[in-house]
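Letter by letter, the chains look like this.
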Amino acid sequence: MAIAQASKQHAEMARQIQAHDWSCSGLGPMDGWPTSMRTVVELSLRSPAAMMSWWGPDAIMIYNDAYIPIAGARHGRLLGVSVFEGWPEVAELNRAILASVQAGKTHSLRNEHLVLYRNGVAEDVWLNVDYSPVEDGQRGVIGVLCIVTETSVSQLTERRLAASEARLRNMLDEQRRTGEQLIEAQRQQAAILDGIGDIFYALDQDLRFTFFNAAAERFTRRSRGEVLGRRLVEAMPETAGSMIESLFRRVLQTRRPKRLEMGSLTRPGRWLDLRVFPTEEGLGVAVIDLTDQRAAEVALRESESRFRLVVETLPQLVWTCLPDGRCDYLSRQWLEYTGVPVEEQLGTRWIELVHPDDREQAARHRAGALAGAHDYDVDYRIRRYDGEYRWFKTRGLPVLGSDGRVAHWFGTSTDIQDIIAARELQASLRQQLEAQVALRTRERDRLWSVTQDLALVADREGRFLEVNPAWKRMLGYDDEELLGKTSEWLEHPDDRERTQRARVQTGGGQALSLLENRFRSKDGQYRWLAWSAVLDGDQIYATARDVTSQKLAETRLLDAQAQLRQAQKMEAIGLLTGGIAHDFNNLLASILASLQLAERARADEVRRFLETAMSSVQRAASLTQRLLAFGRRQALDIRAIDVNELIRSMQEMIERTLGSSIAVSTELASDSGRALADHNQLESALLNLVINARDAMPEGGRLRIRTQRLLADADYCARNAGLTPGEYLALSVQDSGTGVAADIVDKIFDPFFTTKPLGQGTGLGLSMIYGFVKQLGGHVQIDTEVGRGTTVYLLLPGTRSSAVTRLESPSPLAAHALQTSAAETILLVEDNADLRDLAAKILGELGYRVLKAENGEEALEVLERQAVDLLATDVGLPGLNGRQIAEIARQKRPDLKVLFITGYAESAAREAGFSEAGMAMISKPFSIDGLAAKVRQVLSA
């Protein structure tokens, strides 16, 4: 519609009219407005003149941007409001004008003097207003168009000029009465006009200057000699063709006075008000310099604007009053809070918003302040727009005039409802707290008396200040026997030092929790007590519970657990020894039968029976190694091993072992690092796991071997005994086989336990793996589910060392034997005579010179006398063990080669000394080729 289009081209009021909800007004929605109404509204919005229109029987107001300064602080509240409600102070005048215009008449007001409260205070305003009816066909007059011009400033100036004109006319009239009087009057007039502060000059009919007062000289910077007798355009060339010349000629022609406000032609930047009136001789011109007045008006408006801005942004309700106490200004916050129009609160009607119970007090304080002209401060409740009363602190300050009397009152009202509520809440809480303290005190006194626990109050040194009745009931002592003393005379001697240390710590401010000690009762018996204590100020508050019964129960429980562990240990030993006896009986029977048959057999059959016996011996050795691994007592050659390379080297063997029905995959982490382990034992453990996985997948399946680097934190290590926080390499073997039932998972690492059919397993494979990994300081974990498969994890101690054991093909044993030098001497130390003689014979046959010793003392004597190339010693010797012999010998011969021989070496995996340069280890039982190879390896290193 037209108004919407116009709103896009204009400023504030176009947007407000478009956004206003007209459906709630008597005019209805904008789409239903008559064409004539829309046309008038659009024209007013486009007009630079201040225009307002009234519509409908209620005279609803719509105005344009130019009208905003006239509306003052009421702008924003007038749009869409009845003119009688928007301007209540001139409501009667507007009703009369509306009635006249609705009758089809026009109406005009010229310089109409009105008293308006447009900015919250009484203000003298002069207006020119032209009222015209707006008709709409058959409907007749539907509205009123008002063109408004404010003339307040000009009226004030005109009144001053009119007074000057009146005085001048009176003087001129007096001059005409008589010649002498005229001359005298002219002289007096000239003197008066010359003495006034405003500019005045006179011209004749030809516009020649006949009078030029001192103020005119100062303003134009021209002397009278330069001006008098000369024409206007001669004396002041800048006026030629100007409005001033035209104005002067028009007054001479019409003989009617004229007025003109304009900028000075001779003094740019100055603003002048010219009053030109005809005289008998020509013209009289009075000029008032409005520059300072205009600047003052601008400054006043700016000051009022700043004041209003400050007031409107304050959270307080701001007001001002006349000297008699009648309110003449209320801030926007006051109006928003009360919701009552300003006209209904001015004067003394504000008191109606005060709570009835507070009105007398509010009026009394205000009356006292008015009478004494002093500040006042009073609290009372003021009604809000929704009817709720809230507490306000009202402060009033008198502003004194130059005469010392009150010229105005300035004040604020601050909402203190939250403060009052907080005070009331604080008082209520204080009462509740006092009641709770009293209740807690009574409860504490009752608890102090009836509790079965010991309670006491002591000073920082531990001297008893107060004890509860439980001391009498539990230990038999009266208060007099305890007060003023410490507990040292009651303490068990074994607990005294610990109790004294706890007492000092508590006295120093450290809280004590569950200190257990023993106090002697009056009958001489000791009772166990569990103490808690805290320091408060200079006093220690402590309680103790009698835990004697719990201590006795704990002792009985520990005894029962020890007996249970002993029974379980004996059961495990019985199972282990039974299995060992069974397997060794089988092996011994095979060896015995083979040897007996060899005695009776023909020469060509002896070798076959000896081979059978040798095979049984090797199986017995393997069984022994497995038992040592399970017991974590096998001798290990620990090195930094590249586990990924080990798995790759075994992959072909693993695939052959598993067969074509099982798919093998590997996931080897590149950042897994290396593991500290025995290469042969780790290879055997992996192969054992692969074989177990194969047996769990008789119909085929999938097997995955994976490595990854793990960091074990303190929590994980706490849940898995034997682990220490640090870096580990996790080697896992996962199958898709049958899985293990939950009721037997805990048994699978037990020796001789197997789930395989009879004759298909010894039950030592997993137990060997478990012992081997634990001996390394690692951990074994199994995840299994019936029908889903099993994953076994080996957590091996990790290392970032670059000294990695590489997988190399060993040299043939014969090669070692061929390198034997007859000059090489070996000292053999072994406490078993048979084994010592056999080993010496083997080494002698290999070409070595062999010296024998039964124990460490003999060995050291030999080393003192003889030059030895290799010390081959058993580890587990009576007296000095093999390691000690090597250490003593190397003190004198640091380059001495050492070969340790062991069948039981508990610390072999943990002591790095067995892996020093020039040292090696061989486990019993050993073959001739194995011994030869190991000796040659050490001597050649």
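These figures come from a predicted structure and were not determined experimentally. (Residues numbered from 1 in each chain as written. Predicted model: local features only at pLDDT ≥ 70, side-chain atom pairs only at ≥ 80, totals over all residues. Heavy atoms only, no water.)

Draft legend 1. Spotlight on the overall build of the protein. Along the protein, the regular secondary structure elements total 30 helices and 33 strands. A total of 941 residues make up the protein; the buried ones form 42% of that total. Accessible area of the protein: about 50,300 Å², with a carbon and sulfur share of 52%. (Helix = DSSP H or I, 4+ residues; strand = E, 2+ residues; numbered from the N terminus. Buried < 20%, exposed > 50% of the residue type's maximum accessible area, 1.4 Å probe, protein only. Areas by Shrake-Rupley, 256 points an atom, 1.4 Å probe, with all protein chains shown as cover.)

Draft legend 2. The pairing of strand 33 (residues 919-923), seen in detail. Across the five residues that make up strand 33, a large majority, four, are buried. Relative to strand 33, strand 32 (residues 897-902) runs parallel, the two sharing five bridges. Following the sheet pairing, Ile-901 is matched in strand 33 by Ile-922. (Pairing = 2+ DSSP bridges.)

Draft legend 3. How the structure looks around helix 22 (residues 643-658). Along helix 22, the largest kink reaches about 50° and is centred on Gln-651. Here helix 22 has its buried residues at Val-643, Asn-644, Leu-646, Ile-647, Met-650, Ile-654 and Leu-658. Residues of helix 22 that are buried sit in contact with strand 21 (638-641), strand 22 (662-668), strand 23 (674-678), helix 23 (679-695), strand 24 (701-712) and strand 25 (726-735). Its side-chain oxygen at 3.2 Å from the backbone nitrogen of Asn-644, Asp-642 defines the N-terminal cap of helix 22. The positive-phi residue at the C-terminal boundary of helix 22 is Gly-659, with phi of around 90°. (Bend = angle between axes of the 7 residues up to and from the residue. Contact = heavy atoms within 4.5 Å. Polar contact = N/O pair within 3.5 Å; in protein donor to acceptor, adjacent residues only side chain to side chain.)

Draft legend 4. Structural view of the UniProt feature "modified residue: 4-aspartylphosphate" (unreviewed entry) in the protein. Mapped onto this numbering, the UniProt entry annotates "modified residue: 4-aspartylphosphate" (unreviewed entry) at Asp-874. Within the fold, Asp-874 resides in strand 31 (residues 870-874). Setting aside residues no more than four positions away along its own chain, Asp-874 makes contact with Val-829, Glu-830, Asp-831, Gly-882, Ile-901, Thr-902 and Lys-924. (UniProt positions renumbered as here; feature names shortened; annotations may be inferred.)

Draft legend 5. Representation of the sheet that holds strand 18 (residues 512-520) in the model. Spatially, the five strands line up as an open sheet ordered 17-16-20-19-18, and their pairing is antiparallel. Taken across any chain shown, the strands that pair with only one partner, and hence form the sheet edges, are strand 17 (464-467) and strand 18. The average undirected angle you get between the axes of adjacent strands in this sheet is 30°. Pairing geometry for strand 19 (residues 526-536) and strand 20 (residues 539-546), over eight bridges, is antiparallel. When the bridges of strand 20 are listed, Ala-533 appears paired with Ala-542. Along the sheet, helix 19 (residues 496-507) contacts strand 18, strand 19 and strand 20; its crossing angle with strand 18, the most-contacted strand, is approximately 140°. (Axes fitted to C-alpha atoms, helices over the stretch in contact; angles between N-to-C directions.)

Draft legend 6. Broad picture of helix 3 (residues 35-46). Taking 1.5 Å per residue as the helical rise, helix 3 with its twelve residues ought to reach 16 Å, and the 17 Å between its terminal C-alpha atoms agrees with that figure. For helix 3, every residue scored as buried is listed here: Ser-36, Met-37, Arg-38, Val-40, Val-41, Glu-42, Ser-44 and Leu-45. (Expected span 1.5 Å × (residues − 1).)

Draft legend 7. Spatial organisation of the pattern of salt bridges. The full count for this structure, using the stated rule, is 44 salt bridges. Residue Arg-518 pairs with Asp-495 through a salt bridge whose shortest N-O separation is 2.9 Å. Residue Arg-518 is found in strand 18, and its partner Asp-495 is found in the loop between helix 18 (479-482) and helix 19; the two are separated by 23 residues along the sequence. As far as the burial class goes, Arg-518 and Asp-495 line up, both buried. A salt bridge links Arg-704 to Glu-667; the nearest nitrogen and oxygen atoms lie 3.1 Å apart. Separated by 37 residues along the polypeptide, Arg-704 in strand 24 and Glu-667 in strand 22 bring together distant segments of the chain. What makes Arg-704 partly exposed here is its relative accessible area of 26%. (Salt bridge = Lys/Arg side-chain N within 4 Å of Asp/Glu carboxyl O.)

Draft legend 8. Expanded view of the sheet that holds strand 5 (residues 141-150). The five strands are arranged 2-1-5-4-3 in an open sheet whose pairing can be described as antiparallel. Each having just a single partner strand, strand 2 (60-63) and strand 3 (107-116) make up the two edges of the open sheet. In this sheet, adjacent strand axes meet at a mean angle of 30° when their direction is disregarded. When strand 1 (residues 50-55) meets strand 2, the two strands line up antiparallel, connected through four bridges. The partner of Trp-54 across the bridge, within strand 2, is Met-61.

Draft legend 9. Quick look at the nonpolar core. In this structure, Trp-22, Trp-54, Trp-55, Ile-62, Tyr-67 and Tyr-131 are the most contacted members of the largest nonpolar core, which totals 48 residues. Apart from residues no more than four positions distant in its own chain, Tyr-67 is found in contact with Ala-50, Met-51, Met-52, Leu-78, Trp-87 and Val-148. Ile-654, Ala-675, Leu-729 and Val-740 belong to the second largest nonpolar core, which has 37 residues in total. (Core = buried A, V, L, I, M, F, W, Y, C linked by side-chain atoms within 4.5 Å.)

Draft legend 10. A look at the packing of helix 22 against helix 23. One way to put it is that helix 22 packs onto helix 23 with a least axis distance of 11 Å and a crossing angle of 40°. Crossing of helix 22 against helix 23: the hand is right-handed. Between helix 22 and helix 23, the residues in contact are Val-643, Leu-646, Ile-647, Met-650, Met-653, Ile-654, Thr-657 and Leu-658 and His-679, Leu-682, Glu-683, Leu-686, Leu-687, Val-690, Ile-691 and Arg-694, respectively. (Left-handed = near helix turned anticlockwise from the far one by under 90°.)

Draft legend 11. Expanded view of unusual backbone geometry. Despite not being glycine, Arg-221 shows a phi value in the positive range, around 60°. Mapped onto the elements, Arg-221 comes out in the loop between helix 9 (214-220) and helix 10 (224-227). Look at Arg-221 and you get exposed, because its relative accessible area is 60%. In this structure, Arg-255 takes a positive phi of about 60° despite not being glycine. In this structure, Arg-255 sits in the loop between helix 12 (243-254) and strand 8 (258-263).

Draft legend 12. Region of interest: the packing of aromatic side chains. In the structure shown here, the tally under the stated rule is 16 aromatic pairs. With 5.5 Å between their ring centres and 50° between their planes, Phe-519 and Trp-531 make a pair best called tilted. A residue pair is termed long-range when its members are at least 10 positions apart, and Phe-519 in strand 18 and Trp-531 in strand 19 qualify at twelve residues. In this structure an aromatic cluster arises from ring pairing among Tyr-201, Phe-209, Phe-212 and Phe-248. (Phe/Tyr/Trp six-rings, centres within 6.5 Å; stacked < 30°, edge-to-face > 60°.)

Draft legend 13. Molecular detail of the state of the cysteines. Taken as a whole and assessed by the stated rule, the structure comprises zero disulfides. No disulfide involves Cys-321; its sulfur sits 4.4 Å from the nearest other cysteine sulfur, which is in Cys-327. (Disulfide = S-S within 2.5 Å.)

Draft legend 14. Here's a closer look at the environment of Asp-357. Take Asp-357: it is sitting in the loop between helix 14 (332-338) and helix 15 (359-372). Sequence separation between Asp-357 and Arg-381 is 24 residues, and the spatial gap between their C-alpha atoms is 8.8 Å.

Draft legend 15. How the structure looks around the side chain of Asn-468. For Asn-468, the position within the fold is in the loop between strand 17 and helix 17 (470-475). According to the relative accessible area criterion, Asn-468 is buried, its value standing at 1%. Looking at Asn-468, its side chain comes within polar contact range of the main-chain oxygen of Asp-453, at 3.0 Å. Within polar-contact distance, the side chain of Asn-468 engages the backbone nitrogen of Ala-455 at 3.1 Å. When near neighbours in sequence (up to four residues on either side) are disregarded, Asn-468 contacts Trp-448, Thr-451, Asp-453, Leu-454 and Ala-455.

Draft legend 16. Representation of the pairing of strand 30 (residues 849-853) within the structure. Sheet topology places strand 29 (residues 825-829) next to strand 30; five bridges connect them, and they run parallel. Across the sheet, the residue bridging to Val-829 is Ala-853, located in strand 30. Regarding topology, helix 27 (residues 833-845) serves as the crossover connection from strand 29 to the parallel strand 30, and that connection is right-handed. (Right-handed = clockwise from strand over helix to strand, strands pointing away.)

Draft legend 17. Seen up close, the environment of Tyr-385. By the secondary structure assignment, Tyr-385 is in the loop between strand 13 (376-383) and strand 14 (389-400). A relative accessible area of 57% means that Tyr-385 is categorised as exposed. It is 7.4 Å that separates the C-alpha atoms of Tyr-385 and Val-340, two residues lying 45 residues apart in sequence.

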